[in-house]
Amino acid sequence: MAMPTFNPIEIHAVSAAQRFGFRSGDRGTHGSRSILLADLRQLLAATAADAAYEDYRRAIMEDNVLGKGTASTRLNSWKKLRELYGLDPRLAVFRCFRELWDVDAVGRPLLAVLCACARDPLLRLSAMVVLGAPVGTVLCPQDFVAAIHAMAPQRFSVLSLKAIGNRTCSSWTQSGHLAGDKVRIRTHPVASPEAVVYALLLGRLTGARGPGLFNSFWTAVVDAPSDSLLALATTAAQRGWIDLRRAGAVVDVSFPRLLTAGEMGALRESD
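Residues numbered from 1 in each chain as written. Predicted model: local features only at pLDDT ≥ 70, side-chain atom pairs only at ≥ 80, totals over all residues. Heavy atoms only, no water.

## Some remarks on the overall build of the protein
In plain terms, the rule: Secondary structure is summarised from DSSP: a helix means a run of H or I of at least four residues, a strand means a run of E of at least two, and numbering begins at the N terminus for each. Note that the radius of gyration is over C-alpha atoms, with the globule rule given as 2.2 Å times the number of residues to the power 0.38. Three labels apply to residues, based on accessible area from a 1.4 Å probe with only protein chains included: buried if under 20% of the type maximum, exposed if over 50%, partly exposed otherwise in between. Note on areas: Shrake-Rupley with a 1.4 Å probe; residue coverage comes only from the protein chains shown.
The helix and strand tally for the protein stands at 13 helices and five strands. For 271 residues, the compact-globule formula gives about 18 Å, and the C-alpha radius of gyration of the protein, at 18 Å, lands near that figure. Dimensions of the protein along its principal axes, counting C-alpha atoms only, are 55 × 40 × 35 Å. By residue count, 50% of the 271 residues in the protein fall in the buried class. Carbon together with sulfur atoms contributes 53% to the accessible area of the protein, which is approximately 11,700 Å² in total.

Listed below in structure tokens is the structure:
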């Protein structure tokens, strides 16, 4: 069964992407933090599904739902989680993530790394290391250091590269792409229909359409064979998350439940 091909994408090449909540640039959160899955779980468990941007800030800074010891650590947690996930329902990348998260306990690690990839250029760069490694391969932080240095040889200092290697290796372990503590071994994450919906949505928001949605960077992160992706998407359609139409090799996916009319209009303008 063939796996989707993938290429780390430059988000700035898609005119509408930043308004949807994607981030680009030379730097990223993974110079100092991983995807912070445990903190994210705590925050979303403590906030309502329809929480506003200010509600997330208040939960961390005033209510201290993450249990941080000082005001400075609360502030840093707020900044890093905001960088990684947006925490703003006005951004499609976060609003759709939150809606899917609330019904998908199984796929949450995969949902988190997908959202963080949309928001952190460093994590996107590191994806080719883990996705290009066969199952059973041992990976370590130095593998990520070497790959990122090769792709951006003048961008980071030795110390920065070491930090990035440690954080990206940790993030791909939290997502389920790696397993183990001291020795990290390549494995498959747990995919769910909702995680596939989110990957397809991110593909659409960055310009993919039709069959290309199943052969994008985002579906590569889901790390499942093409036939499994289609089966999970079919289940998601049965649950009402997407409209899925198939006619031979032609596949069409739309997202009327997740995207607003304005967002769908912006996509049509950018096509």
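## A word on the pairing of strand 5 (residues 250–254)
Put simply, the rule is: At least two bridges found by DSSP between two strands are what make those strands a pair.
Of the two faces of strand 5, only one is covered, namely that formed by Val251 and Val253; the face formed by Val250, Asp252 and Ser254 stays uncovered. Sheet topology places strand 4 (residues 243–247) next to strand 5; five bridges connect them, and they run antiparallel. Its bridge partner being in strand 5, Arg245 is matched across the sheet by Asp252. The turn joining strand 4 and strand 5, which pair antiparallel and follow one another in sequence, is formed by two residues; a positive phi near 65° is taken by Gly248.

## Details of the confidence of the model for the protein
Threshold: Each residue carries a pLDDT score, the predictor's confidence in it, ranging from 0 to 100. What makes two residues a contact is simply this: any of their non-hydrogen atoms within 4.5 Å.
Considering every residue of the protein, the mean pLDDT works out to 92; 94% of them sit at 70 or more. Every residue in residues 1–6 scores below 50 in pLDDT, and together they form 24 contacts with partners more than four places removed in sequence or on other chains.

## Details of the nonpolar core
Let me state the cut-off plainly: Buried Ala, Val, Leu, Ile, Met, Phe, Trp, Tyr and Cys residues that are joined via side-chain atoms within 4.5 Å together make up what is termed a nonpolar core.
Formed by 79 residues in total, the largest nonpolar core has its most connected members in Tyr85, Phe97, Trp172 and Tyr198. The residues contacting Tyr85, other than those within four sequence positions of it, are Ile35, Leu40, Phe94, Phe97, Ala112, Cys115, Ala116 and Arg119. Ranked by size, the runner-up nonpolar core spans seven residues in total, among them Leu122, Val145, Ala152 and Ile164.

## Considerations on the pattern of salt bridges
As a reminder of what qualifies: By salt bridge we mean one thing: a side-chain nitrogen of Lys or Arg within 4 Å of a carboxyl oxygen of Asp or Glu.
According to the stated counting rule, one finds 13 salt bridges in the structure shown. The shortest N-O distance in the salt bridge between Asp55 and Arg58 comes to 3.0 Å. With Asp55 and Arg58 both in helix 3 (residues 53–61) and three residues apart, the pair spans about one turn of that helix. Arg257 is the partner of Glu99 in a salt bridge, and the nearest nitrogen-oxygen pair spans 3.9 Å. Taken together, the residues Glu99 in helix 5 (residues 92–101) and Arg257 in the loop between strand 5 and helix 13 (261–270) connect sequence positions 158 residues apart. Glu99 sits in the partly exposed class, given a relative accessible area of 30%.

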